[in-house]
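# Commentary on secondary and tertiary structure
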Amino acid sequence: MTKFDVLTVGNAIVDIIARCDDQFLIDNDITKAAMNLIDAARAELLYSRMGPALEASGGSAGNTAAGVASLGGRAAYFGKVAEDQLGEIFAHDIRAQGVHYQTKPNGTFPPTARSMIFVTDDGERSMNTYLGACVELGPEDVEPEIVAQAKVTYFEGYLWDPPRAKEAIRECARIAHENGREVSMTLSDSFCVDRYRAEFLDLMRSGTVDIVFANRQEVLALYETDDFEEALDKIAKDCKIAAVTMSENGAVMLKGRERWYVDAIRIKEVVDTTGAGDLFASGFLYGYTHGRTLEDCGKLGCLAAGIVIQQIGPRPMKSLSEAARDAQLI
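All residue numbers here refer to positions counted from 1 along the written sequence of the relevant chain. Since the coordinates come from a predicted model, pLDDT governs what is reported: local features require at least 70, and pairs of side-chain atoms require 80 or more to be given and counted, while whole-chain, interface and lining totals use all residues. Hydrogens and water molecules were not included; the side-chain quantities draw on all heavy atoms of the structure.

Using only the protein atoms, space was sampled on a 1 Å grid; points where a 1.4 Å probe fits but cannot get out form cavities, open sets with protein on both sides within 12 Å along at least five of seven lines form pockets, and lining residues are those with an atom within 4 Å of a point. Grid points are joined across faces, edges and corners, and a volume is the space filled by probe spheres set on the points. A volume near 160 Å³ is recorded for the second largest pocket. The wall of the second largest pocket is formed by Leu232, Asp233, Ala236, Lys237, Leu254, Gly256, Arg257 and Arg259. Helix and strand assignments come from DSSP, with helices taken as H or I runs of at least 4 residues and strands as E runs of at least 2, each series counted from the N terminus. In terms of residue count, helix H9 (residues 228–238) provides more of the lining of the second largest pocket than any other element does, four residues in total. Note on residue categories: nonpolar means Ala, Val, Leu, Ile, Met, Phe, Trp, Tyr, Cys or Pro, charged means Asp, Glu, Lys or Arg, and polar means any other residue, Gly included. Across the lining of the second largest pocket, the residue classes break down as three nonpolar, one polar and four charged.

Here's what the structure looks like:
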C-alpha cells in the first residue's frame, strides 16, 4: 500500500524573480543560464539592484512536487527552511498546492534560502542562490514512513552542494529500496555536474539511483563529450531509465537499448524557462507512478514543461490535470 506517488527531496528556496537585459548580467558578473551560488553579502547586493520582483516558493524538487500535485498525484516533500517570513511563505505555498510537507524548521539562523532569478528577453533564467537554511537538511529530517510509502523518491543534484544532505539522500535510497521502491534524481545543472561528476556516476552505476533526468547540456557534461549520441548511449547503460530533455526539440526516454522520442508542445511565447526541467520531471513521474508507457510519461513531461515556460515563476498557475485531460494524456 502506497500513500504517496512521489516524494521529492531538495533545497527549500524562495525565488525572487525579476526581468533584466543582458547588459545587466554583464555589469553584475552573472553567468547567464546557470545557477550561481552566492553568499549573504552578494545576495543583499543583487537584491538591491533588482527591478520590480515577484516572490514565489521554488527550489527544484519543490517545484516538481507541486507539479505532481497539480496533475492529481500524491506528493510529499522534504526540505529545510528557517523560522522567518520567507520560511512561512515557502511552507504555506507548498502545502496550498496539495503537497505533504512537515520538515521541522531550523530556527532563525541561517535564514531561509532565496534565489534571485534574472529573466532576460529570450526567457532564459540566470539564478543566483544563497542557500541559507536549506543546507541544514540532514539524516534527522528523513521521515522513514514517508519514504517507505512513496513509489518513487526523487532528489535534485543541487543537494550535493550541502554535505549533510548527501547522508539524507543515501538514507532515503536505503529505505526506498528496502521497501521495493525506486529512487530518481535530476542532474540539475551542467556546472553541478562538473563539480560532482564522479559521485553522480557512482550513484547511477551502483544502483543507488534508478531513474535519471538530464537536459542535453547536462548529459554532455556528465560524459565530457560533445557527441550527443555517445552521451545517450552511455547514460542508457549507466542507469535503469533515463529521460533527457532537448528544449524545443522535445525529449528522449531511454531504457536499455530502447528509445522513445517525443515532441515539445506548441507554445505561443517563451516567457520564463524557470522550472521547465522540474515540471518535465513532474509530468514524467506522474505518468510513471500511474503505470503509463515511457513514451506517454515523456509526453506528460513535455506538456507540463511547455505550460510552465509560458508564465512567470516555476510552479503551475493553471491545473495541469485539466491540461493533460484536454490533451487526452490522462
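Having seen it, we continue.
Attention shifts here to the packing of aromatic side chains. Each Phe, Tyr or Trp ring, with Trp reduced to its six-membered ring, pairs with another whose centre is within 6.5 Å; inter-plane angles below 30 degrees give stacked pairs, above 60 give edge-to-face pairs, and intermediate values give tilted ones. Under the definition given, this model contains 12 aromatic pairs. Ring geometry for tyrosine 154 and phenylalanine 213: centres 5.8 Å apart, planes at 70 degrees, overall edge-to-face. With a gap of 59 residues between them, tyrosine 154 in strand E9 (residues 150–156) and phenylalanine 213 in strand E11 (residues 211–215) connect regions that are remote in the sequence. When its relative accessible area of 4% is taken as the criterion, phenylalanine 213 is described as buried. Relative to phenylalanine 280, the ring of phenylalanine 213 has its centre 6.3 Å away and its plane inclined at 75 degrees; by these criteria the two rings are edge-to-face. Of the two residues, phenylalanine 213 is situated in strand E11 and phenylalanine 280 in helix H10 (residues 276–289); the sequence distance between them amounts to 67 residues. Geometry around phenylalanine 228 places arginine 216 over its ring, the cationic atom sitting 4.3 Å from the centre. Only protein chains enter the accessibility calculation, which uses a 1.4 Å probe; a residue whose area is less than 20% of its type maximum is buried, one above 50% is exposed, and one in between is partly exposed. Two limits define a charge over a ring: the Lys NZ or Arg CZ must be within 6 Å of the ring centre, and within 35 degrees of the ring normal.

Our focus in this paragraph is the UniProt feature "domain: Carbohydrate kinase PfkB" (unreviewed entry) in the protein. UniProt positions are given in the numbering used here, feature names are shortened, and annotations may be inferred rather than shown by experiment. As annotated by UniProt and renumbered to match this structure, "domain: Carbohydrate kinase PfkB" (unreviewed entry) occupies residues 57–316. Between the C-alpha atoms that bound residues 57–316 the distance is 12 Å, and the span itself is 41% helix and 20% strand.

By disulfide we mean two sulfur atoms from cysteines, separated by a distance within 2.5 Å. With the rule as written, the count across this model stands at zero disulfides. Here cysteine 192 stays free of any disulfide, with the sulfur of cysteine 134 as its closest cysteine sulfur at 12 Å. Its relative accessible area of 0% is what places cysteine 192 among the buried residues. Of the cysteine sulfurs around cysteine 239, a residue in no disulfide, the closest is that of cysteine 297, at 15 Å.

Strand pairing in a sheet is mediated by backbone hydrogen bonds. Such pairs are either parallel or antiparallel. Taken together, the five strands give an open sheet; going across it, the order is E3-E8-E7-E2-E4, and neighbouring strands pair in mixed fashion. Here the strands that pair on one side only, and so sit at the sheet edges, are strand E3 (35–37) and strand E4 (54–57). Ignoring strand direction, the axes of neighbouring strands in this sheet form an average angle of 25 degrees. Criterion used throughout: strands pair if DSSP finds at least two bridges between them. The pairing of strand E2 (residues 13–19) with strand E7 (residues 113–119) spans seven bridges and is classified as parallel. What sits directly across from isoleucine 17, in E7, is isoleucine 117. Where helix H2 (residues 40–49) meets the sheet, it contacts E2, E4, E7 and strand E8 (125–130), and its direction lies at approximately 135 degrees from that of E8. Axis geometry follows a simple rule: fit a line to the C-alpha atoms, using only the stretch in contact for helices, then measure angles between N-to-C directions, giving values from 0 to 180 degrees. Should any heavy atoms of two residues lie within 4.5 Å, those residues are considered in contact.

With that settled, the discussion passes to the sheet that holds strand E6 (residues 100–101). Ordered by their spatial adjacency, nine strands build an open sheet running E6-E5-E1-E9-E10-E11-E12-E13-E14, and the pairing between neighbours is mixed. Pairing within the sheet leaves two strands with one partner each, and these edge strands are E6 and strand E14 (258–262). Taken together, the four bridges between strand E12 (residues 241–245) and strand E13 (residues 251–255) define a ladder with antiparallel strand orientation. From the neighbouring strand, threonine 245 faces E13, where its bridge partner is alanine 251. Lying on the sheet, helix H6 (residues 163–178) is in contact with strand E1 (4–9), strand E5 (75–78), E9 and strand E10 (182–186); it crosses E10 at an angle near 145 degrees.

The subject of this paragraph is the nonpolar core. Membership of the largest hydrophobic core comes to 56 residues, with the highest contact counts inside it found for Val9, Phe155 and Phe200. If sequence neighbours within four positions are ignored, phenylalanine 200 has contacts with Gly157, Trp160, Met185, Leu187, Cys192, Val193 and Leu222. The next biggest cluster of nonpolar side chains, apart from the first, holds 34 residues, and it includes Val6, Ala69, Phe90 and Ile94. Residues grouped as a nonpolar core are buried Ala, Val, Leu, Ile, Met, Phe, Trp, Tyr and Cys residues, joined through side-chain atoms within 4.5 Å.

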